[in-house]
Amino acid sequence: MKTELFLLTQDDIPYINPCIYAFQDSQYLYMVSSYIEGYTLQEIFEKKHEFNENEGKYVMMTLISIIDGLHRKGYVFGELSPRNFIIDLEKFNIKVGFP
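Keep in mind that this is a model prediction, so the values were computed, not measured. Residue numbers run consecutively from 1 along every chain, following the written order of its sequence. In keeping with the model being predicted, local features are shown solely for residues with a pLDDT of at least 70 and side-chain atom pairs are shown and tallied solely at 80 or more, while totals for entire chains, interfaces and linings include all residues. Derived side-chain values reflect all non-hydrogen atoms in the structure, with water molecules and hydrogen atoms excluded from consideration.

(A) Geometry of the overall build of the protein. Helix and strand assignments come from DSSP, with helices taken as H or I runs of at least 4 residues and strands as E runs of at least 2, each series counted from the N terminus. Along its length, the protein carries three helices and five strands. When the helices and strands of the protein are read in sequence order from the N terminus, they spell out α-β-β-β-α-α-β-β. Classification of residues uses two cut-offs on accessible area relative to the type maximum, computed with a 1.4 Å probe and protein chains only: under 20% is buried, over 50% is exposed, and between them is partly exposed. Across the 99 residues in the protein, those meeting the buried criterion constitute 25%. We call two residues in contact when some of their heavy atoms are within 4.5 Å. In the protein, the proportion of contacts linking residues at least 24 apart, taken out of those at least 6 apart, comes to 54%. What sets the accessible areas is the Shrake-Rupley method with a 1.4 Å probe; for residues, cover comes only from the shown protein chains. Carbon and sulfur atoms make up 53% of the accessible area of the protein, which amounts to about 7,200 Å² in all.

The following block contains the structure:
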């Protein structure tokens, strides 16, 4: 299994919000990534935003493609949840981030 930091520093993986800089102290690893305008999928669910049929299909198809693509590259997530998917509702871009 590859580490989260290694994954986030790769620039050949679509849909990933890459890590720009990382540093560590005696207790924690800090990772800095670019800002993504939008909401996590968790926030969208909590606000009860409803997708129309085409939007729902697009979101589900994209989420499945993201997870499948990451698994094909050897990445496995133990804690992948709706809060890890960030969606820009205006452009409908979806990224995987680790808040």
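After that view, the rundown keeps rolling.
(B) Inspection of the nonpolar core at higher detail. Only buried Ala, Val, Leu, Ile, Met, Phe, Trp, Tyr and Cys residues count toward a nonpolar core, and they belong to the same one when joined by side-chain atoms within 4.5 Å. Counting 13 residues, the largest nonpolar core has Val-59, Leu-63, Ile-66, Phe-85, Ile-87 and Ile-94 as the members making the most contacts within it. Elements with a minimum of two residues in this core: α2 (41-46), α3 (53-72), β4 (85-88) and β5 (93-96). Here the element with the most residues in this core is α3; it accounts for four residues. Apart from residues lying up to four places away in sequence, Ile-87 is in contact with Glu-37, Gly-38, Tyr-39, Leu-41, Ile-44, Val-59, Asn-93 and Ile-94.

(C) Geometry of a nonpolar patch on the surface. Exposure above 30% relative accessible area and no salt bridge define the residues that can form patches, which grow by joining like charges within 9 Å and nonpolar side chains of Val, Leu, Ile, Met, Phe, Trp and Tyr within 5 Å. For this document, the term salt bridge refers to a Lys or Arg side-chain nitrogen within 4 Å of an Asp or Glu carboxyl oxygen. Taken together, the side chains of Ile-20, Tyr-21, Phe-23, Tyr-28, Tyr-30 and Val-32 present a nonpolar region at the surface, about 630 Å² in accessible area. Only β1 (19-24) and β2 (29-33) provide two or more residues apiece to the nonpolar patch. Residue contributions to the nonpolar patch peak at three residues, all from β1. Mapped onto the elements of the fold, Val-32 is located in strand β2. Residue Val-32 is classed as partly exposed on the basis of its relative accessible area of 38%.

(D) Examining the pattern of salt bridges more closely. Considering all chains together, one arrives at two salt bridges under this definition. Residue Lys-57 is joined to Glu-53 by a salt bridge in which the shortest nitrogen-to-oxygen separation is 3.3 Å. Placement of both Lys-57 and Glu-53 in helix α3 is noted, with a separation of four residues, approximately one turn of the helix. Owing to a relative accessible area of 58%, Glu-53 belongs among the exposed residues under this scheme. We note a salt bridge from Arg-72 to Asp-68, for which the minimum N-O separation is 2.7 Å. With a gap of four residues between them, Arg-72 and Asp-68 both fall in helix α3, about one helical turn apart. Accessibility expressed as a relative area gives 68% for Arg-72, which makes it exposed.

The values are spatial; any link to function lies outside them.
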